[in-house]
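Take a look at the letters that make up each chain.
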Amino acid sequence: MRGGGGQEEGQIDRLPIDLLAHIFTLITCFNDLAQASGVCRKWRQGVKESLARREKLSFAGWKMDDESVTRLVLHAYGLKELCIPRSRWGCQITDHGLQQLSKANCIGNLVSVSLWGLTGITDKGVVQLISRATSLQHLNIGGTFITDASLFVIADSCPHLKTIVLWGCRHVTEDGLLVLVNKCRKLESINVWGMRVPLDCFISLLTISPALQILPKGMLLDVESVPVPVF
């Protein structure tokens, strides 16, 4: 007769993979998932299947690096929303990480991506990732060091884009914004706080798309007093 510990282990071992995967989808701590994955081969498979069922992954508040993020996202086949913002503990995502993420099967199905505040990424990684995110509707890339090069690729690759946050992207110019609004005809709002673009640029954007919301709204106080040409 097996001891209590053996009986408990046997009962856990008899749980079907589907039930294990469902249980693991309820775990929000990535450290706990990593530990569960190391228990045995069956649990490892359960963790993988739980990731495949997730439509949203948020690494907000976690200290992550290229390897850890990539390892999780590669198994999240049904992912629709990916959030990798800067955390107070320091998120070490780089261009290499974005390049690795671009190879994930889920990238083409993503509708929302946040890379807010990731100072370790540049146009090189962003272009690699976004060029494959053809279903993207919402993008937060504020607080990064991207340039017009990224906006040109976003404009060419994301025809369904509805909202974009460019908060503090001071290396983006009027040229990038004009191309973006010209090509992304479904764009509804754009956050340009802290950008170094002239007031005339906003007038030009509204000329192209009169219904476009330029955020924050306080920036439009002077623009609203200028008539927008109607063609």
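All values reported here derive from a predicted model rather than from experimental measurement.

Between its first and last C-alpha, helix H4 (residues 41-53) extends 19 Å over 13 residues, near the 18 Å set by a 1.5 Å rise per residue. Those residues of H4 that sit buried are Trp43, Gly46, Val47, Ser50 and Leu51. For H4, the buried positions fall inside an angular range of 135° around the axis, keeping them on one side.

Further remarks concern the side chain of Asp66. Here Asp66 shows up in helix H5 (residues 66-73). At a separation of 3.4 Å, a polar atom in the side chain of Asp66 contacts the main-chain amide nitrogen of Gly97. Apart from residues no more than four positions distant in its own chain, Asp66 is found in contact with Gln92, Ile93, Thr94, His96 and Gly97.

The next subject is helix H2 (residues 17-25). For H2, every residue scored as buried is listed here: Leu20, Ala21 and Phe24. What you see down the axis of H2 is that its buried residues fit within an arc of 100°, all on one side. Against the buried residues of H2 lie helix H3 (30-37) and H4.

One open sheet accounts for seven strands, arranged E1-E2-E3-E4-E5-E6-E7; its pairing is parallel. Of all the strands in the sheet, just strand E1 (56-58) and strand E7 (213-215) have a single pairing partner and so form its edges. The sheet shows a mean angle of 5° between the axes of neighbouring strands, taken without regard to direction. Pairing of strand E2 (residues 81-83) with strand E3 (residues 112-114), which is carried by three bridges, proceeds in the parallel orientation. When the sheet's bridge partners are listed, Leu82 is paired in E3 with Val113.

This part is about the pattern of salt bridges. Applying the stated criterion across every chain, the model contains three salt bridges. Among the ionic pairs, Asp18 bridges to Arg53, the shortest N-O distance being 3.3 Å. Placement of the pair is Asp18 in helix H2 and Arg53 in helix H4, with a sequence separation of 35 residues. A salt bridge links Glu67 to Arg71; the shortest N-O distance between them is 3.5 Å. Of this pair, Glu67 and Arg71 both sit in helix H5, separated by four residues, roughly a single helical turn. By relative accessible area, which is 57% here, Glu67 ends up exposed. Residue classification places Arg71 among the partly exposed positions, given a relative accessible area of 46%.

About the criteria used
- Residues numbered from 1 in each chain as written.
- Predicted model: local features only at pLDDT ≥ 70, side-chain atom pairs only at ≥ 80, totals over all residues.
- Heavy atoms only, no water.
- Helix = DSSP H or I, 4+ residues; strand = E, 2+ residues; numbered from the N terminus.
- Expected span 1.5 Å × (residues − 1).
- Buried < 20%, exposed > 50% of the residue type's maximum accessible area, 1.4 Å probe, protein only.
- Arc of directions from axis to C-beta.
- Polar contact = N/O pair within 3.5 Å; in protein donor to acceptor, adjacent residues only side chain to side chain.
- Contact = heavy atoms within 4.5 Å.
- Pairing = 2+ DSSP bridges.
- Axes fitted to C-alpha atoms, helices over the stretch in contact; angles between N-to-C directions.
- Salt bridge = Lys/Arg side-chain N within 4 Å of Asp/Glu carboxyl O.

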